[in-house]
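Chain residues, written in single-letter form:
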Amino acid sequence: MQTTGPEGLRWYAVQCKSGESFRAAEHLNFQGYTVFHPVIQREKRQRGRAGQVVEPLFPWYLFIRMNPLQDNWAPIRSTRGVIRLLVFGQAPVPVPDVLIDTLRQQIMEQPAMSGEDRFSTGERIEITEGPFKALKGLFVAGKGDERVIVLLEILQREHQVIVGSGQIRGARPH
């Protein structure tokens with residue numbers, strides 16, 4: 001396992017303020033640091049509308065590559081959006097290159113839309129088994145590899161329900 005990159009470069013984790021990892025990455029880039037801020041693209045429903053959003057894979061963290069003996073650590077602490085470098089004792093903790101390489105590979109292999117690929121947001125579905133069998137609703141989003149979120153009308157109100165991805169099919173028009 002490679003622990004030190006070319007010219008003594010190593011990866012380090014930077015903890016960011018809530019909701020400010022994009023700002024922190026931008027400001028660290030402006031300062032000349034090499035930043036890896038893994039993000040994912042997914043469907044999200046906001047104000048009743050579905051759309052694609054880009055979110056950090058680790059909402060509070062990003063990674064920075066630097067030489068611990070030559071680069072200046074001081075500006076990182078005062079960068080907008082940054083809380084601190086992750087440290088153990090007094091020393092920043094290096095992140096193995098293999099972990100960063102693995103994250104990069106998995107992000108590149110990520111499909112354009114996460115969630116259940118068979119359905120798109122707003123598509124009519126029917127529950128095929130379980131306690132909601134035969135109910136019709138709308139597909140909202142995938143939730144992991146094996147579950148989906150659907151919108152069902154129950155007792156004259158709309159409810160989001162999580163069911164197994166194998167428990168739904170496209171609804172047949174009547």
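Residues numbered from 1 in each chain as written. Predicted model: local features only at pLDDT ≥ 70, side-chain atom pairs only at ≥ 80, totals over all residues. Heavy atoms only, no water.

Asker: Explain the pattern of salt bridges here, please?
Answerer: Using the criterion set out here, one finds three salt bridges in the structure. A salt bridge links R23 to E20; the nearest nitrogen and oxygen atoms lie 3.6 Å apart. Taking the shortest distance from any N to any O, the salt bridge between D97 and R65 comes out at 3.4 Å. Remark: R65 occurs in strand β5 (residues 61-66) and D97 occurs in helix α3 (residues 97-109); sequence separation between them is 32 residues. (Salt bridge = Lys/Arg side-chain N within 4 Å of Asp/Glu carboxyl O. Helix = DSSP H or I, 4+ residues; strand = E, 2+ residues; numbered from the N terminus.)

Asker: Where do I start with the sheet that holds strand β14 (residues 168-170) in this structure?
Answerer: Backbone-to-backbone hydrogen bonds join strands into a sheet, with any given pair of strands oriented parallel or antiparallel. Read from one edge to the other, the open sheet built from five strands follows the order β13-β12-β11-β10-β14, with strand pairing classed as antiparallel. Only two strands of the sheet have a single neighbouring strand rather than two, namely β13 (157-164) and β14. The mean angle between the axes of side-by-side strands here comes to 45°, regardless of whether they run parallel or antiparallel. (Pairing = 2+ DSSP bridges. Axes fitted to C-alpha atoms, helices over the stretch in contact; angles between N-to-C directions.)

Asker: Please explain the side chain of Q15 as it appears in this structure.
Answerer: Tracing the chain through its elements places Q15 in strand β1 (residues 10-16). Among residues more than four places away in sequence, those in contact with Q15 are W60, Y61, V82, I83, R84 and L86. (Contact = heavy atoms within 4.5 Å.)

Asker: Would you explain the nonpolar core in this entry?
Answerer: The tendency in soluble globular proteins is for nonpolar side chains to be buried as a group. Counting residues in hydrophobic clusters, the biggest one holds 15 residues, and the most contacted among them are L28, Y33, L62, I64, M66, I76 and L85. Secondary structure elements with two or more residues in this core: β1, α1 (21-30), β5 and β6 (82-85). If we skip the residues at most four places from it in the chain, L85 touches Y12, A13, V14, I64, W73, I76 and P92. Core analysis: the second largest hydrophobic core is formed by ten residues, F139, L152, V163 and I168 among them. (Core = buried A, V, L, I, M, F, W, Y, C linked by side-chain atoms within 4.5 Å. Buried < 20%, exposed > 50% of the residue type's maximum accessible area, 1.4 Å probe, protein only.)

Asker: Would you explain the pairing of β1 in this entry?
Answerer: Both faces of the sheet carry side chains from a regular strand, because those side chains alternate between them. Of all seven residues in β1, seven are buried, a share of seventy percent or more. Of the two faces of β1, the one holding R10, Y12, V14 and C16 and the one holding W11, A13 and Q15 are both buried throughout. Of the strand pairs in this sheet, β1 and β5 are connected by six bridges, and their pairing is antiparallel. Among the inter-strand pairings, V14 is bridged to a residue of β5, identified as L62. By the bridge criterion, two bridges tie β1 to strand β9 (residues 94-95) in an arrangement that is antiparallel. Within β9, the residue paired with Y12 across the bridge is P94.

Asker: Explanation requested: the environment of I149 in the structure shown.
Answerer: Note on placement: I149 falls in strand β12 (residues 147-154). Judged by relative accessible area, I149 falls into the buried class, the value being 17%. Between the alpha carbons of I149 and I162 there is a distance of 4.5 Å; along the sequence they are 13 residues apart. Leaving out residues up to four positions away in the same chain, I149 has contacts with L138, F139, V140, A141, K143, Q160, V161 and I162.

Asker: When you look at unusual backbone geometry in this model, what are you seeing that I'm missing?
Answerer: Glycine aside, the phi torsion of most residues is negative, and most peptide linkages are trans. Positioned with a positive phi, A134 is a non-glycine residue whose angle comes to about 80°. Checked against the element boundaries, A134 lands in the loop between β10 (124-127) and β11 (136-143).

Asker: What am I meant to see in the confidence of the model for the chain here?
Answerer: Reading predicted coordinates in detail is not appropriate for stretches of low pLDDT. Scored by pLDDT, the chain comes out at a mean of 81, with 85% of its residues at no less than 70. Taken together, the stretch residues 112-116 has pLDDT below 50 and engages in eleven contacts with residues farther than four places along the chain or on a different chain. (pLDDT = per-residue confidence, 0-100.)

Asker: Would you explain α1 in this entry?
Answerer: Side chains three or four residues apart in an α-helix point the same way, a direct result of the helix having 3.6 residues per turn. All of the buried residues along α1 are S21, A24, A25 and L28. The arc that holds every buried residue of α1, seen down its axis, measures 100°, which confines them to one face. G32 sits one or two residues past α1 and shows a positive phi near 95°. (Arc of directions from axis to C-beta.)

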